[in-house]
Amino acid sequence: AIKCIQPGQPILHKGAAADALYMRASDQLNGAVDRYNGLCKSVCLDWDSVSGTWIKRATNNPASLYRLVLQDRANKKPVSDAKIDLVKLQEWHEYCEDKGYHFNAKYDFATTIGEVLDDICAAGRAKKHRIDGLYTVVIDRAQTVPKQHFGARNSWGYRYEVAFPDLPHGFRVPFINEENGYADDEMIVYADGYDESNASEFEQLEFFGVTNPDQIWKQGREHLAAAKLRPFVHYFNCDAEILASNKGDLIRFSHDVVLVGLGSMRIKGLIIDAGDPTKTAG
C-alpha cells in the first residue's frame, strides 16, 4: 500500500467551523475515531443594549439566531439588512433576555429555512412574520395600547368558536438538560392545584431547542395558562382600506352578538360652528 500525505489546510471552504484532534494511538484507540463530544456555540451578530449596536460574539438569544439564519452562508438566498426589521429584533432580543429565553438546538436532519425560523421563534414566544416586505416577528406578550377598534360598522361576518379542552393535571416534558451535562431528562410541569401527590392525568409536550430547566417550567406553565384562559377564537371580515392593524397588534372589538360594547352608530354629518365640529347629526 502507498499512502501520500499533502501538507496544508485540509478544509478549503471559507467561513466553516473546524476542529482538530491530536491523540496517541493505544490498544483502546487505533484507526478512525467514530465519534466524540463537544460543546459548540454560535458566533454571530448579537444585539448589545449597553452600546446600542450589534456585536459579533457567541450567543443563544433567539433574536440573534433568527437574524443569523436569514443572513448566514448556509442560506441559499441571504437576506440583506435592509429587508430585516432590525428594530423589532432588538426589541425581541431584550424581551428574551428579560424572560430568560434561549435556543440551543443541533440540526443533523434535513429541514427548511422556514421551519428553522419557526423553531427559533417558538423558543422565544414569537411567530415569524413579514410586513411591507421586511422580515420581522410577532411577540406573544401582553399589550396595553390598542391599534384599532372594530365593530359592526366596519366589519361583517362575525363568528366565534369555543374550545372545551380536557385540561391535564400537568405536562411531561422530555428535554436535554444543560445543567446535567446535556443528558436526556424529563420535567413534570404541574397545573394549579396539582403536585406529585394527586396528579394522574398527563400529556407530553416538547420544546425543541430548549435546554434550560427554568425555561422548560416557564413555557410549560404558559401553555397550561393558554389552554385554560384562551378558549375563544373570534373571526370577522373587514375591508382592506380600513385595515390599520397588523398580525399581533392589540385591537378593541365591540359587537351586539356577544354583547360587548354599549352599541354602534355612524356619523352622517357634522354641524360646524366657527370652524370647530361641536355637534353631530345622524
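Look a little higher up for the structure.
S.K.: Is there a simple way to explain the packing of helix α1 (residues 62-71) against helix α3 (residues 113-123) in this structure?
M.R.: Two measures define how a pair of helices packs: the angle their axes make with one another and the distance between the axes. One way to put it is that α1 packs onto α3 with a least axis distance of 9 Å and a crossing angle of 175 degrees. On the basis of the axis angle, α1 is roughly antiparallel to α3. Across the interface between the two elements, Pro62, Leu65, Tyr66, Val69 and Leu70 of α1 pack against Ile113, Val116, Leu117, Ile120 and Cys121 of α3. Residues of the contact of α1 with α3, tallied by class, amount to 10 nonpolar, no polar and no charged.

S.K.: Where do I start with the packing of α1 against helix α2 (residues 86-99) in this structure?
M.R.: Here α1 crosses α2 at 145 degrees, and the two axes come no closer than 7 Å. Contacts between α1 and α2 involve Pro62, Ala63, Ser64, Tyr66 and Arg67 from the former and Leu86, Leu89, Trp92, His93 and Cys96 from the latter. Of the residues that constitute the contact of α1 with α2, the class distribution is seven nonpolar, two polar and one charged.

S.K.: Honestly, α2 in this entry has me stumped. Any pointers?
M.R.: Each turn of an α-helix holds 3.6 residues, which means side chains three or four residues apart point in the same direction. Compared with the 20 Å implied by 1.5 Å per residue over 14 residues, the 20 Å span of α2 between its first and last C-alpha is a close match. Along α2, the positions that sit buried rather than exposed are Leu86, Leu89, Gln90, Trp92, His93, Tyr95 and Cys96. Of the residues trailing α2, Gly100 is marked for its positive phi of about 80 degrees.

S.K.: How should I be thinking about the sheet that holds strand β9 (residues 202-204) in this particular structure?
M.R.: In spatial order, the strands read β8-β7-β9; together these three strands make up an open sheet with mixed pairing. Each end of this open sheet is capped by a strand with a single partner; those strands are β8 (183-190) and β9. Neighbouring strand axes in the sheet, compared pairwise and without regard to direction, differ in orientation by 30 degrees on average. Docked against the sheet, helix α4 (residues 213-229) engages β7 (170-177) and β8, running at close to 40 degrees with respect to β8.

S.K.: In this structure, what is going on with the nonpolar core? I would like to understand it.
M.R.: Most often, soluble globular proteins have nonpolar side chains that are buried together. Counting residues in hydrophobic clusters, the biggest one holds 36 residues, and the most contacted among them are Tyr66, Leu89, Trp92, Ile120, Val137, Val173 and Ile216. Counting residues per element, the ones that place at least two in this core are β1 (43-48), α1, α2, α3, β4 (134-139), β7, β8 and α4.

S.K.: Looking at this structure, how should I read the pattern of salt bridges?
M.R.: Scanning the entire structure with this criterion turns up 14 salt bridges. Residue Asp140 is joined to Arg125 by a salt bridge in which the shortest nitrogen-to-oxygen separation is 3.0 Å. Here the residue Asp140 occupies a position in the loop between β4 and β5 (148-150), and Arg125 occupies one in the loop between α3 and β3 (126-131), the gap between them amounting to 15 residues. Overall, the relative accessible area of 29% leaves Asp140 in the partly exposed class. Residue classification places Arg125 among the buried positions, given a relative accessible area of 15%. With a shortest N-O distance of 3.6 Å, Glu186 and Arg172 are connected by a salt bridge.

Thresholds, definitions, all that
- Residues numbered from 1 in each chain as written.
- Predicted model: local features only at pLDDT ≥ 70, side-chain atom pairs only at ≥ 80, totals over all residues.
- Heavy atoms only, no water.
- Axes fitted to C-alpha atoms, helices over the stretch in contact; angles between N-to-C directions.
- Helix = DSSP H or I, 4+ residues; strand = E, 2+ residues; numbered from the N terminus.
- Parallel < 35°, antiparallel > 145°, perpendicular 65-115°, else oblique.
- Contact = heavy atoms within 4.5 Å.
- Nonpolar A, V, L, I, M, F, W, Y, C, P; charged D, E, K, R; others polar.
- Expected span 1.5 Å × (residues − 1).
- Buried < 20%, exposed > 50% of the residue type's maximum accessible area, 1.4 Å probe, protein only.
- Pairing = 2+ DSSP bridges.
- Core = buried A, V, L, I, M, F, W, Y, C linked by side-chain atoms within 4.5 Å.
- Salt bridge = Lys/Arg side-chain N within 4 Å of Asp/Glu carboxyl O.

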